[in-house]
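Examination of the molecular architecture
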Amino acid sequence: MNFFPTSYPDEILYSTFARYCIRSGNVREIHNFEDLFGTRNCVASLELPTHLDALISNMPVGAKYTAEYLIYKHTLFPFVAAFIPKERAKKIIQTMRNGEGAISYNRTGLLSITLNRYFRFCTQCFKEDVEIYGEPYWHRLHQVTGVYICPKHKIPLYNSTQLIRAGNRQRFIGASHENCKVDEEITYSKDLTKKMLWMAEDVQVLLNNQFEFKEPEWFRSQFRVKLVEKGYARMNNYIHQKRLKQDFINFYGEEYLNLVQSPLTMNSKGWLPDLVRKNDRTTYAIRYLLLARFLEVPIVDLFNTKLATNAEGENTIDAYQELWDQRLIELSQSGLSIRAIAEILESSTKTIRKAIDRLEIEEFWKFNGGGKYLYNKFTDTEEFKVKKKDLREKWLELHSQHPNKSSNQMRKDNDGVYAWLKKYDSEWIEKHYRRIDNKVNPVNWENRDAELLTKVKEVIKDMKEGKPEQITWTTVGSKLGISGWLSKKKEKLPLTKAFVEPQIESLEEYHIRKIKWGIEELERQGKEVTLWNLVETAGVRPQYMKPISREIQKILKDKGYNIDFI
């Protein structure tokens, strides 16, 4: 190349390539690839460009650029690779210098999320760039998936009209007045704006600092210290996952977590448990930043300062772990069962078994009686005889105390007694199992149908007034306090069924009704009808709007709004 443009502050390398293409004078775009990389066999990549060694070798004489400089200063590598191990980071750098780009996307967790479809820009940055440099350009920070606010000007980022991954992938297209227009102003609530600004600032820290790469255990240890400090974990590695998840959701809100593609459910799986447990899964860097902000760990400290749990700077968690492991080894030689050891160490049997595998402790238990009785059958021991006698007496005592209850009813609060006797004393429990035939008076379904119809009409009328509620058999039954059987017995309620069935809404029909209500509510409050105002007011998330986008567009058009943001 005879020349190569100087990259502007925070300019992503893709944008510098685009400015080269404008100035090169090449008639065919593919010739720009030959100039830049000496080959046509590559594509325009935004986040992690490749063939950078070839690019450096094709630079004009005297050019000072190096591949490493461009990678760290003008690509998203410092962000997407911030939390991966050193060896994997080296492989990604090597791939960017001379390799296949898709491999890097897989190694950094980028394939686990939906990347931005359009280039993004800040209106104030655009204006300042034109005033200072005479032309606009794509800012690196603005292109990070999960960043919605410009931290410099604290205003929303906008999608340009230029797609990142579509059409001809062998062309570079820069920012311009034509593709960076604002047709509809974006507004976020104060709460959302605050969280979006947090994220933008933390991402900026990663992009602007070349932190030393750490192994996954480093970050787990850092987070574990804070989890213990805030009461979400114990010293023995037990983590209160449900409480952690619930507080995390309350802190960020489901709306924001969905926006940054990091939703959580209350089951045992998900990205958050993966971050605080031992595993080798790769996850998107945004999620590390979410957890760090929640635990009040500054990003610089997360990488550079070994967090400790006491004033002397010692990580007593690690010290405790060593003592705990030693105590487990001692107890494993005492003849106690796993359950007994778990009680002594205040851990679950599952944790003890995992530790036994980790420490490679030789098997010391058998499965009869949980390992406590290594040489005798549990059923032959004196302890078994005493326990059987005590539980028999307790079972009989329960029956004498509740003469009108069946055994089945008493099991609800004493299931442990029944389960043990059923397992070890099944013949006896069968002889002493009380069964009571409760004759139920026949139901006059015709009368009940007539009574319910009146109530159901009132309930559905109320559900259609005010903020919409989805009309289903379950919700209607719930309003009446009979959700457990209404839908199951609807065949015996012909009048009620004939009225309710036409009113039942699918999820899409319900969302359409919420959208209509949301527009009317915004009009009533005198607020502007924008996407995010409608999302916030109607309570329909953007991902649920996509399947009904045509219907929403028609509703807006019928209301006189010429808006195309779905």
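Residues numbered from 1 in each chain as written. Predicted model: local features only at pLDDT ≥ 70, side-chain atom pairs only at ≥ 80, totals over all residues. Heavy atoms only, no water.

Within the protein chain, the secondary structure is distributed over 29 helices and four strands. The C-alpha radius of gyration of the protein chain comes to 32 Å, more than 25% above the 24 Å expected for a compact globule of 566 residues. Dimensions of the protein chain, computed from C-alpha atoms along their principal axes, come out at roughly 100 × 70 × 45 Å. When the 566 residues of the protein chain are sorted by exposure, 46% land in the buried category. In the protein chain, 67% of the contacts between residues at least 6 apart in sequence involve partners at least 24 apart. For the protein chain, the computed accessible surface area is about 31,000 Å², with 48% contributed by carbon and sulfur atoms. (Helix = DSSP H or I, 4+ residues; strand = E, 2+ residues; numbered from the N terminus. Rg over C-alpha atoms; globule rule 2.2 N^0.38 Å. Buried < 20%, exposed > 50% of the residue type's maximum accessible area, 1.4 Å probe, protein only. Contact = heavy atoms within 4.5 Å. Areas by Shrake-Rupley, 256 points an atom, 1.4 Å probe, with all protein chains shown as cover.)

What follows is about the nonpolar core. Membership of the largest hydrophobic core comes to 124 residues, with the highest contact counts inside it found for Phe77, Phe79, Phe83, Phe172, Val203, Phe248 and Leu290. Looking at this core element by element, the count peaks at nine residues for helix H9 (residues 190–208). Residues in contact with Phe248, not counting those within four places in the same chain, are Leu257, Leu264, Trp271, Leu272, Leu290, Leu291 and Phe294. Of all hydrophobic cores here, the second largest spans 13 residues; its members include Leu452, Ile471, Val476 and Leu486. (Core = buried A, V, L, I, M, F, W, Y, C linked by side-chain atoms within 4.5 Å.)

Moving on, we get to the packing of aromatic side chains. Applying the stated rule across the entire model yields 40 aromatic pairs. With a centroid separation of 6.3 Å and an interplanar angle of 65°, the aromatic rings of Phe4 and Phe17 are classed as edge-to-face. Here Phe4, found in the segment before helix H1 (13–24), pairs with Phe17, found in helix H1; they are 13 residues apart in sequence, far enough to count as distant. Seen in terms of ring centroids, Tyr72 and Phe77 are 5.5 Å apart; in terms of plane orientation they differ by 90°. Their pairing is edge-to-face. Members of the aromatic cluster, joined through ring pairs, are Phe3, Phe4, Tyr14, Phe17, Tyr20, Phe33, Phe37, Tyr65, Tyr69, Phe119, Trp138 and Phe172. Over the aromatic face of Tyr148 sits the side chain of Arg120, whose NZ or CZ is 4.9 Å from the ring centroid. Against the face of Trp218 rests Lys214, its NZ or CZ located 4.1 Å from the ring centre. (Phe/Tyr/Trp six-rings, centres within 6.5 Å; stacked < 30°, edge-to-face > 60°. Lys NZ or Arg CZ within 6 Å of the ring centre and 35° of its normal.)

Now for the environment of Ile149. Looking at the element boundaries, Ile149 is found in strand S2 (residues 149–150). Taking the relative accessible area as the measure of exposure, Ile149 reaches 1% and is therefore buried. Once residues lying within four places of it in the same chain are set aside, the contact partners of Ile149 are Lys154, Ile155, Pro156, Leu157, Tyr188, Thr193, Met196, Leu197 and Ala200.

Another aspect to go through is the environment of Trp420. Relative to the helices and strands, Trp420 is located in helix H21 (residues 415–424). By relative accessible area, which is 11% here, Trp420 ends up buried. Remark: the alpha-carbon pair of Trp420 and Leu345, spanning 75 residues in sequence, is separated by 25 Å.

Under the definition given, this model contains 22 salt bridges. Here Glu128 makes a salt bridge to Lys152, at a shortest N to O gap of 2.9 Å. Of this pair, Glu128 sits in helix H8 (residues 123–133) while Lys152 sits in the loop between S2 and strand S3 (155–156), and the two are 24 residues apart along the sequence. The closest approach of N and O atoms between Arg513 and Glu505, which form a salt bridge, is 2.6 Å. One network of salt bridges, with partners in common, ties together Glu11, Arg19, Arg23 and Glu135. (Salt bridge = Lys/Arg side-chain N within 4 Å of Asp/Glu carboxyl O.)

The first and last C-alpha atoms of H9 sit 27 Å apart over 19 residues, in line with the 27 Å expected at 1.5 Å per residue. Within H9, the full set of buried residues consists of Leu192, Lys195, Met196, Leu197, Trp198, Met199, Ala200, Asp202, Val203, Leu206 and Leu207. (Expected span 1.5 Å × (residues − 1).)

Attention now goes to unusual backbone geometry. With a phi angle near 60°, His51 is a residue other than glycine that sits in the positive phi range. Considering the arrangement of structural elements, one finds His51 in the loop between helix H2 (29–37) and helix H3 (52–57). The exposure class assigned to His51 is buried, which follows from its relative accessible area of 16%. If you check the backbone angles, Glu360 has positive phi at about 55° while not being a glycine. Looking at where Glu360 falls in the secondary structure, it is placed in the loop between helix H18 (349–359) and helix H19 (382–401).

For Ser407, the position within the fold is in helix H20 (residues 407–411). On the basis of relative accessibility, which here comes to 0%, the residue Ser407 falls in the buried class. For Ser407, the side chain forms a polar contact with the side chain of His399, separated by 2.6 Å. A distance of 2.6 Å separates the side chain of Ser407 from the backbone nitrogen of Arg434, its partner in a polar contact. Setting aside chain neighbours within four positions, we find Ser407 in contact with Trp395, His399, His432, Tyr433 and Arg434. (Polar contact = N/O pair within 3.5 Å; in protein donor to acceptor, adjacent residues only side chain to side chain.)

Time to look at the packing of H1 against H2. Relative to each other, H1 and H2 sit at 115°, their axes nearing to 10 Å. The handedness of the crossing between H1 and H2 comes out as right-handed. Contacts between H1 and H2 involve Phe17, Tyr20, Cys21 and Ser24 from the former and Asn32, Asp35, Leu36 and Phe37 from the latter. For the contact of H1 with H2, a count of residues per class yields five nonpolar, two polar and one charged. (Axes fitted to C-alpha atoms, helices over the stretch in contact; angles between N-to-C directions. Left-handed = near helix turned anticlockwise from the far one by under 90°. Nonpolar A, V, L, I, M, F, W, Y, C, P; charged D, E, K, R; others polar.)

Structurally, the position occupied by Thr145 is in the loop between H8 and S2. Not counting the four nearest positions on each side in its chain, Thr145 is found in contact with Ile113, Thr114, Leu115, Asn116, Gln261, Tyr284 and Ile286.

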